[in-house]
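Each chain is listed here by its residues.
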Amino acid sequence: MAGKIVKIIMKKLIAISLAAIMAMAIFPSAVFGSVGVGVGTGKIQVAKPLKPGSVYVVPPLTVINTGTEPSEYTVSIDYSGVQMQLKPSKEWFSFEPLQFALQPNQTQVVQIKMTLPIKTAPGDYFAYLQAQPTKTAATGRGTTIGVAAAAKLYFTVVPANIWQGIYYRFIYFYSRFSPWDTVILVILAFAALIILFKKYFNIQIGVKKKL
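All values derive from a computational prediction rather than experimental measurement.

Student: Outline the pairing of strand 3 (residues 55-64), listing residues and values.
Tutor: Judged from the two bridges that link them, strand 1 (residues 38-39) and strand 3 form a sheet pairing that is antiparallel. The partner of V39 across the bridge, within strand 3, is V63. Bridge count between strand 3 and strand 7 (residues 107-115): eight bridges; the pairing is antiparallel. For I64, the partnering residue across the bridge sits in strand 7 and is T107.

Following this line, the structure appears as structure tokens:
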């Protein structure tokens, strides 16, 4: 009788062990915990127009560990597949800190600095400020997890001066209407330059008679 009870108990233990192993293989996140990420705001709108050649401090991004286990995170720039706005270069942005670790429900405020090149084209810009968790493999190399959260960033760049405005306006019209009216655009641009030159540089040329 005792032997049968032991066999029954052993069979149950084996069945439970097999079920646990299968659950670990099929649902590893449920067994070991989940990795998650969130951001504190969905949209960042820079109200003041920005000028090329300047350095700006963008409103910070708050990153939240929404998972159930500690994780490492990083911040980057991403874009929409199809967007009407211009795409700012990733090299314009710097993040402090760029990588950091968070416990579950812990937050990190990331400071963002944006440096606009001197030849930045004026217009409306859009990009995602994306926070993404990373995992550290046994070899010490980081691998990206397929979850992310992002805030939408909008800002507008205006010409730094009137000459730069004329240059970018000419490039815009040229790329839009080229090639059938290139000659007309060149003539109009040249005429505008002459008018502005006369307006801002009042040069009087006189011819003196020789005695």
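Student: Lay out the packing of aromatic side chains with the relevant residues and their values.
Tutor: Within the structure shown, the criterion is met by five aromatic pairs. Plain terms: the ring middles of Y73 and F100 are 6.2 Å apart, the flat faces sit at 20° to each other, and that makes the pair stacked. Within this pair, whereas Y73 is found in strand 4 (residues 71-78), its partner F100 is found in strand 6 (residues 99-102), the two being separated by 27 residues in sequence. The residues Y73 and F100 share a single accessibility class, namely buried. For the pair F126 and Y154, a centre-to-centre distance of 4.9 Å together with 45° between the ring planes defines the contact as tilted. Taken as a pair, F126 in strand 8 (residues 123-136) and Y154 in strand 10 (residues 149-157) lie far apart in primary sequence, 28 residues in all. Each member of the aromatic cluster is reached from another via a ring pair, and the members are W92, Y125 and F155. In this structure, K43 is placed above the aromatic ring of Y154, and the distance from its NZ or CZ to the ring centre is 5.3 Å.

Cut-off values and rules
Residues numbered from 1 in each chain as written. Predicted model: local features only at pLDDT ≥ 70, side-chain atom pairs only at ≥ 80, totals over all residues. Heavy atoms only, no water. Pairing = 2+ DSSP bridges. Helix = DSSP H or I, 4+ residues; strand = E, 2+ residues; numbered from the N terminus. Phe/Tyr/Trp six-rings, centres within 6.5 Å; stacked < 30°, edge-to-face > 60°. Buried < 20%, exposed > 50% of the residue type's maximum accessible area, 1.4 Å probe, protein only. Lys NZ or Arg CZ within 6 Å of the ring centre and 35° of its normal.

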